[in-house]
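Take a look at the letters that make up each chain.
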Amino acid sequence: MDRNDLRIGDAEREQTMAALREHFAQGRLTHEELEERLDRTLAAKTARDLVSITADLPGPGYHTPTPQPDMGDWRAAMHAHRQQMQEMRRAHRDMRHHWGHHPWRRHRGPHPIVPLLFVAMMLGLFFGGFGVFKVLLVVWVAAVVVSVVRRRFHDRR
């Protein structure tokens with residue numbers, strides 16, 4: 001069924017009558033034409049009737065309602081959205097690569113073993129004596145040095 005063949009209500013008639021009065025105020029219609037078109041508007045039953053009343057007038061008037069989107073339109077919109085999201089992901093990945101951000105190297109700071117060794121070193125000092133502390137201190141210093149050297153090596157790349 002054509003949308004112009006759908007029945008109209010009072011709101012559509014009021015919209016068309018307001019547009020006709022505006023055209024009369026602007027001098028596009030004579031008083032007799034206005035009366036005749038208002039009578040036709042009140043007698044109109046379908047959208048096609050209202051369109052024919054204002055067809056020769058510019059600007060506001062009754063226009064056929066825009067068609068509702070169907071599933072094909074929805075699928076096309078979703079496809080376009082997916083493509084846009086893929087392009088954004090690609091651009092984000094390229095930007096991260098350009099600026100040197102590597103997702104596998106997320107943390108900044110020392111290797112996680114360094115703070116653990118420090119805690120073990122302090123516990124060794126309090127509970128194990130000075131001999132355990134010295135051994136853990138040497139291991140801790142070695143871990144810090146390896147962490148710093150490793151960071152500098154990776155930052156140069």
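Check the entry above for the structure.
The rules we used
Residues numbered from 1 in each chain as written. Predicted model: local features only at pLDDT ≥ 70, side-chain atom pairs only at ≥ 80, totals over all residues. Heavy atoms only, no water. Helix = DSSP H or I, 4+ residues; strand = E, 2+ residues; numbered from the N terminus. Buried < 20%, exposed > 50% of the residue type's maximum accessible area, 1.4 Å probe, protein only. Contact = heavy atoms within 4.5 Å. Areas by Shrake-Rupley, 256 points an atom, 1.4 Å probe, with all protein chains shown as cover. Core = buried A, V, L, I, M, F, W, Y, C linked by side-chain atoms within 4.5 Å. Polar contact = N/O pair within 3.5 Å; in protein donor to acceptor, adjacent residues only side chain to side chain. Axes fitted to C-alpha atoms, helices over the stretch in contact; angles between N-to-C directions. Parallel < 35°, antiparallel > 145°, perpendicular 65-115°, else oblique. Nonpolar A, V, L, I, M, F, W, Y, C, P; charged D, E, K, R; others polar. Patch = residues over 30% accessible without salt bridge, like charges linked within 9 Å, V, L, I, M, F, W, Y side chains within 5 Å. Salt bridge = Lys/Arg side-chain N within 4 Å of Asp/Glu carboxyl O. Lys, Arg positive; Asp, Glu negative; His and termini not counted. Charge placed at Lys NZ, Arg CZ, Asp CG, Glu CD. Expected span 1.5 Å × (residues − 1). Arc of directions from axis to C-beta.

**Student:** A description of the overall build of the protein should follow, citing residues and the corresponding values.
**Tutor:** Each helix and strand in the protein was counted, giving six helices and zero strands. Reading the helices (α) and strands (β) of the protein from amino to carboxyl end gives α-α-α-α-α-α. The buried share of the protein, reckoned over its 157 residues, is 19%. The contacts in the protein between residues at least 6 apart in sequence include a share of 63% that link residues at least 24 apart. Entry remark: accessible area of the protein is about 12200 Å², with carbon and sulfur atoms responsible for 61%.

**Student:** Go over the nonpolar core with me, naming the residues and quoting the values.
**Tutor:** Among the nonpolar cores identified, the biggest contains eleven residues, and these are I8, M17, L20, L29, L34, L38, A44, A47, L50, I53 and L57. When residues of this core are traced back to their parent elements, those giving at least two are helix 1 (10–25), helix 2 (31–43) and helix 3 (47–54). Ranked by residue count, the leading element in this core is helix 3, at three residues. What A44 contacts, discounting residues up to four positions off in sequence, is I8, R13, D49 and L50.

**Student:** Before we move on, can you summarise the side chain of T41 with the specific residues and values?
**Tutor:** Mapped onto the elements, T41 comes out in helix 2. Among the polar contacts listed, one links the side chain of T41 to the backbone oxygen of R37, at a separation of 2.7 Å. In this structure T41 touches R13, T16, M17, L20, L50 and I53, once residues within four positions along its chain are discounted.

**Student:** Before we move on, can you summarise the packing of helix 2 against helix 3 with the specific residues and values?
**Tutor:** Close contact between helix 2 and helix 3 brings their axes to 9 Å; oriented N to C, the two are set at 170°. With respect to helix 3, the element helix 2 is oriented roughly antiparallel. Residue-level inspection shows R37, R40 and T41 of helix 2 in contact with helix 3, the latter providing L50, S52, I53 and T54. Here the residues of the contact of helix 2 with helix 3 are counted per class, giving two nonpolar, three polar and two charged.

**Student:** Please set out a negative patch on the surface residue by residue, giving values where relevant.
**Tutor:** Together, E32, E33, E35 and D39 make up a negatively charged patch on the protein surface. Tracing the chain through its elements places D39 in helix 2.

**Student:** Residues and numbers for helix 2, please.
**Tutor:** For helix 2, which comprises 13 residues, the first-to-last C-alpha distance of 19 Å matches the rise-based estimate of 18 Å (1.5 Å per residue) to within 8%. Within helix 2 the residues assigned to the buried category are L34, R37, L38 and T41. Angular distribution of buried residues about the axis of helix 2 spans 105°; they occupy a single face of the element. Residues of helix 2 that are exposed and point over 90 degrees away from its buried face: E32 and A43. On its buried side, helix 2 packs onto helix 1 and helix 3.

**Student:** Before we move on, could you go through the pattern of salt bridges and cite the residues and values that matter?
**Tutor:** Scanning all chains against the criterion turns up three salt bridges. Among the salt bridges present, the one from E36 reaches R40, with a minimum N-O distance of 3.4 Å. With E36 and R40 both in helix 2, this residue pair falls four residues apart, about one helical turn. Looking at E36, the relative accessible area reads 37%, which means it is partly exposed.

So yeah, pure geometry; function would need other evidence.
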